[in-house]
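Each chain, written out:
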Amino acid sequence: MRAAVYEGPGNIRVEQVPDPEIMLDTDALVAVSHAAISGNDLWSYRGYGQRTPGSRIGREFLGVVQDVGADVRTPRRGDVVIAPSAFSDGTCEYCLAGLHTSCVDGGFWAEPGHDGGQGEAVRVPNADGTLVVVPRSLAGSWARLLPLADVLPAGHHAAVSAGVGYRKTVAVVGDGAVGLSAVLASRRLGADRVVLLGHHPERAELGQAFGVTEAVYGHGEAAIEQFMSVSGGADCVLECVGAQSALDTAIKIAKDGATIGYVGTPHLVEGLDLGSLFGRNIGLAGGASPARAYLPTLLADVISGRLDASPLFDLSVALRDVADGYVAMDTRKALKVGIGV
Ligand SMILES: [Zn+2]
């Protein structure tokens, strides 16, 4: 089959790779219909992280079940399924606690020994715990479903971790796909004021459509000052970037007693000054988003039409052109790229 392969920084190619097969009775084989390029994939593309040349890539996909192992009970052949960004058994103490990313028998797509989502098919370990079956009527609405694989649960995780609720003033740091998802999630959880700090005024219209009430564009102290004059400080800060500057900003714009929900994968973060949190009783919560935990609840709202993150996708490419998709995201010509397989 064909799949995207990481061949080094700035170099993603579509290559022939071995067809996946059922290896364990708990596996399923999924024919991928659509995939997406995630922020995590983009960091790899830029040369950060542990990915070695020749490894597969892609964490977000949906498709149709082709085959299941003897012990698989829920997904059946022909079902349309979404895979969250991590696979998990759904039965260990961490999964039962809603922390599927810590599953004792789990892992992430495209890690050594596992297929990536950007390819024609994927062997899904622990299929019962991992896959979520979606109504066939939604099978054609890939752009509404695919955000559920990672980006929308990540925004939701930031909001939940920061304690977003009614009458809260929420700050979202970062206007990438996760940040904009965090805006949607905050409004869904009842926030009446969502102030976005970003670098891309061209995304303002989308931000407004998702529920941004005020936006501040810029860098450093000037942006922080503007944010404080607009809002007076935030009760909940959603850090959706993962860079040192974003974390520093998040601390500075938090009101005393606020909680920062951080979901940006830390890159080049040197450290945090605990003293800046301690005296002001600022909490820090969040981390790797357990997408599987949130997927059923968010899917219900997608099915009912109350939640629609599909406008995040502003470019769609065929699998053979996946390299163009990476270029578009790397150069910020695209916010989020969908891949038709
Ligand atoms: Zn588990």
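What counts and what doesn't
- Residues numbered from 1 in each chain as written.
- Predicted model: local features only at pLDDT ≥ 70, side-chain atom pairs only at ≥ 80, totals over all residues.
- Helix = DSSP H or I, 4+ residues; strand = E, 2+ residues; numbered from the N terminus.
- Rg over C-alpha atoms; globule rule 2.2 N^0.38 Å.
- Buried ≥ 20, exposed ≤ 12 C-beta atoms within 10 Å, placed from the backbone.
- Contact = placed C-beta atoms within 7 Å.
- Domains from an automatic or database assignment.
- Nonpolar A, V, L, I, M, F, W, Y, C, P; charged D, E, K, R; others polar.
- Core = buried A, V, L, I, M, F, W, Y, C linked by C-beta atoms within 7 Å.

What the chain contains, in helices and strands, is twelve helices and 18 strands. Compactness check: the chain gives a C-alpha radius of gyration of 20 Å against a globular reference of 20 Å for 341 residues, within 12% of the reference. Referenced to the eigenvectors of the C-alpha coordinate spread, the extents of the chain come out at roughly 60 × 40 × 35 Å. Across the 341 residues of the chain, 51% fall into the buried class. Contacts in the chain between residues at least 24 apart in sequence constitute 70% of all its contacts with a sequence separation of at least 6.

Per the domain assignment, the segments making up the chain are domain 1 (2-150 + 290-340) and domain 2 (152-286). Taking only C-alpha atoms into account, the centre of domain 1 sits 26 Å from that of domain 2. At the interface, 17 residues of domain 1 touch 17 residues of domain 2. Looking at the side of domain 1 that touches domain 2, the element that brings in the most residues is helix α11 (residues 291-304), giving four residues. In the side of domain 1 that touches domain 2, the residues fall into 13 nonpolar, two polar and two charged.

The next subject is the nonpolar core. Grouped together as the largest cluster of nonpolar side chains are 104 residues, with contacts concentrated most on Ala-171, Val-172, Val-237 and Leu-238. The two domains that each donate at least three residues to this core are domain 1 (2-150 + 290-340) and domain 2 (152-286). In this structure Ala-171 touches Val-195, Leu-197, Phe-227, Ala-234, Val-237, Leu-238 and Ile-253, once residues within four positions along its chain are discounted.

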